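Residue-level structure breakdown
Okay, here's what each chain looks like letter by letter:
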Amino acid sequence: MPVLRVPEPPRSAPDSSPSGSEPRGGAPAERGKRAAPAAADNARLRLDIQGLRAVAVLLVVLSHSGVPRLAGGYIGVDVFFVISGFLITSLMLREWGRDGRIALGRFYARRALRLLPASTLIVVATLVGSWLYLGPLRFAEYTKDAIASSWYVINLRLADAGTDYLNADVPPSPFQHFWSLAVEEQFYLIWPIVLIVSLKLFRRRALLAIPLLALATASFVLNINLTETSPSWAYFGSHARIWELAAGALLTLVADRLDDIPRLAAAALSWAGLAAIGYAAVAFDEGTRFPGYNAVIPVAGATAVLAGGAAASRYGAGAVLSLRPAVWVGGLSYAWYLWHWPLILIVPAAVGSGQHDGPLRLIAALGGLVLAWLTLHLVENPMRFHRAFKARARRGLSLGVSLSATAAAAALIAAQFPPTLAEGAPKQSTRETIARASDPRAALVELLEQRVEKLPSNLEMSLRNVAYHKSEVYTDGCALGMNEEVQKQPCLYGDTTADRTVVLFGDSHVAQWFPALQPIALKHHWRLYSFTKSACKISEITIEYNDRPYSTCDNWRAATIKKVRGLNPELVITSNSNVAKVYGGGDTAAAWGEGQARTYRQLQQGRTQVVTLLDNPWPKNNAADCAAEHPTNLSSCERDRSGADPQPEVTEAIRAAAAAEDVTVINPYDWVCAPSGNCPVVVGNTMVYRDYGHLADSYVEALVPVVEEELLRLFGADLSRHPGA
């Protein structure tokens, strides 16, 4: 499953301007001479660092705006991590050298005053924009994101959500960009304490690197491992990103030596670092395995620019990075980042741009620069430098907590008044119409032919519940995620004391039929086992996941087939999405068909019969989001059955394998699409789909009489009938 590349925010300016070897006025220093160390309160900005911030934020903004050839601009966040580690550690070491102590209260008060005024404003503004223009379907989730952003834990929420296969096509949250701020603040909960303890234990500065190297090494190893096994945790988890901040902090420990780098060597180092950052931005894209080893390139590049720039060579990259426009943009980088992402999402939705979304995203993002300037001068600086908070840590901390609480409270209040959808007249109940009919199939066909243009006011399940409701197999842990391969639960449903056994086997596209099969199993006294795993095909093929072989699928499939054979069931119902890529390339359809036949042969032994439910027709986009966006024009969300199979050649290979192994095939297209060919997103008063590809639980529940009739026709209530016999 590809990992959606989500916003990576730039870092704020440090609590205090960085020290280091920058000469007064930004002029290049002569070789062998160091600028006199300034007092902490009067330390001057290293202008090349401000310029490096500008490069990083521009890469992020342009990448998110869809500018061609800059798809890898998300690496800007890695640059900001290094800068932050370098500057904040410099600040703390200066304070230790000046005062003989690091005042934690004052440190966290400065962080609060620097970050929270702007972030609180933008959280509230984004809530308003989301309420007005992003619709009701996801708004409840956005309010939760706003609360998580206010308390700097949204990265954990995003990491957890990223492990859910059913969230793969959910639109990005307008609050996603707060994730890296959360990573940094989680780092700064532990790093100052570690540094203080180390400063007290070690007299030699070089020894300070020991705990930091240990922290960085452990984090880097976790990063490599998680990139392979759990990409969302590798991307969002602070434990997998600490090494990037630590790289900047480690550089700080040798800052007093950086001026001794020969000018030409320093110049070459800074240019090489800038080139590495540029290379990553151009060469990487959404398909790049990241962070992993690839993150070393932008991290090393940022470290090289910081190290080379310390020597202040006039021939170095600092000559460009210190230009006035770059320094100006760098000074606005924090506020610009906070504004640009919600603007990218909200502005196109507000004007209904449709196919012109691309250019408008860029215009909206660039417009955020104006808001950033206003935020800096009207909100950030007035609060940050107000005399009421100067040297008064308790007041600063109190203000910070109050601002976070204010943003969270605004989200809680907004959640109580969600936006509403335009609705049409009520429609007949799909569930009741089919259940009462003497011929359920004919009743379904009649409903399918009745076009529903507006969302019914009596929608069987609210649109939000349609999108987020999960059946028992998910809530019970019986639908394994991408990285799981051991079924820890018995996953037994239906009449658990019955003699006859039915097994549900496949991926999420067989799990979606559980709401229909559970009541059928109860009614006819079948034991129903559910063995499913996200995106794992029953076909004995190795498919690609995260650019690697989906080995957990292969292991789970082999173990499950063995388990199913041990159960000796009367019936095995198989199904899976027919969308996947065979690892290593080759003819996907041919390999799939051969693998499907091998699985059928292993399952269909003794009394066991196998039935394959072909994949359902797919809508043309996320049906729930489309219905929320076009509640009075649902026909714009429909598609014809002729184009509803994303891989028809695979479907034909499955049919051929089933025919060769005498396996019964059920085609659900007639349960979802009208005879005329139209595949609607609403039938009667019920949504057909929950997302892009999966049927809604409420619709599957309405189909119970139709599915029951088909199974009884084929196998009989006692499952002894053989189709075609």
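Structure's up top.
About the thresholds
Residues numbered from 1 in each chain as written. Predicted model: local features only at pLDDT ≥ 70, side-chain atom pairs only at ≥ 80, totals over all residues. Heavy atoms only, no water. Helix = DSSP H or I, 4+ residues; strand = E, 2+ residues; numbered from the N terminus. Rg over C-alpha atoms; globule rule 2.2 N^0.38 Å. Buried < 20%, exposed > 50% of the residue type's maximum accessible area, 1.4 Å probe, protein only. Contact = heavy atoms within 4.5 Å. Areas by Shrake-Rupley, 256 points an atom, 1.4 Å probe, with all protein chains shown as cover. Lys, Arg positive; Asp, Glu negative; His and termini not counted. Charge placed at Lys NZ, Arg CZ, Asp CG, Glu CD. Pairing = 2+ DSSP bridges. Patch = residues over 30% accessible without salt bridge, like charges linked within 9 Å, V, L, I, M, F, W, Y side chains within 5 Å. Salt bridge = Lys/Arg side-chain N within 4 Å of Asp/Glu carboxyl O. Core = buried A, V, L, I, M, F, W, Y, C linked by side-chain atoms within 4.5 Å.

The next subject is the overall build of the protein chain. For the protein chain, the helix and strand inventory stands at 30 helices and 13 strands. Its C-alpha atoms give the protein chain a radius of gyration of 29 Å, within 12% of the compact-globule value 27 Å for 725 residues. With the C-alpha coordinates aligned to their principal axes, the bounding extent of the protein chain is approximately 95 × 50 × 45 Å. When each of the 725 residues of the protein chain is scored for burial, the buried share is 57%. Here the contacts in the protein chain between residues at least 6 apart in sequence split such that 82% fall between residues at least 24 apart. Summed over its atoms, the accessible surface of the protein chain is roughly 28900 Å², and 58% of this surface lies on carbon and sulfur atoms. For the protein chain, the distance from the average position of its 67 positive side-chain charges to the average position of its 64 negative side-chain charges is 13 Å.

Let's shift gears to the pairing of strand β3 (residues 500-506). By the criterion of burial, β3 is predominantly enclosed, with 6 of the 7 residues buried. Relative to strand β4 (residues 526-533), β3 runs parallel, the two being bridged by 7 bridges. Considered in β4, the bridge of Thr 501 is made with Arg 527. Bridging between β3 and strand β7 (residues 571-575) involves 5 bridges; their strand directions are parallel. Within the sheet, the bridge partner assigned to Val 502 lies in β7 and is Leu 571.

Moving on, we get to a nonpolar patch on the surface. Together, Val 124, Val 128, Trp 131, Leu 132, Tyr 133, Ile 413 and Phe 417 make up a nonpolar patch on the protein surface, roughly 690 Å² of accessible area in all. Here Ile 413 shows up in helix α17 (residues 393-415).

Let's shift gears to the pattern of salt bridges. Tallying each qualifying case throughout the model produces 32 salt bridges. With a shortest N-O distance of 2.6 Å, Glu 95 and Arg 106 are connected by a salt bridge. With Glu 95 in helix α2 (residues 76-99) and Arg 106 in helix α3 (residues 104-133), the pair connects residues that are 11 residues apart, well separated along the chain. What you see here is one network of salt bridges that share partners, running through Glu 95, Arg 98, Asp 99, Arg 106 and Arg 110.

Here the amide bond leading from Phe 290 into Pro 291 is cis, since omega sits at 10 degrees, within 30 degrees of zero. Relative to the helices and strands, Pro 291 is located in the loop between α11 (263-283) and α12 (296-310). Residue Asp 662 is not a glycine yet carries a positive backbone phi of 60 degrees. Among the structural elements, Asp 662 can be located in the loop between α27 (648-660) and β10 (664-666). With relative accessibility at 63%, the residue Asp 662 sits in the exposed group.

With that settled, the discussion passes to the nonpolar core. One broad trend across soluble globular proteins is that nonpolar side chains are buried collectively. Counting residues in hydrophobic clusters, the biggest one holds 104 residues, and the most contacted among them are Leu 52, Ile 75, Ile 154, Phe 175, Trp 179, Trp 191 and Ile 277. Per-element accounting of this core gives the leading share, 11 residues, to α2. Among residues more than four places away in sequence, those in contact with Trp 191 are Thr 89, Met 92, Leu 212 and Ala 249. One finds Val 688, Val 700, Leu 703 and Val 706 within the second-largest nonpolar core, a separate group that totals 63 residues.

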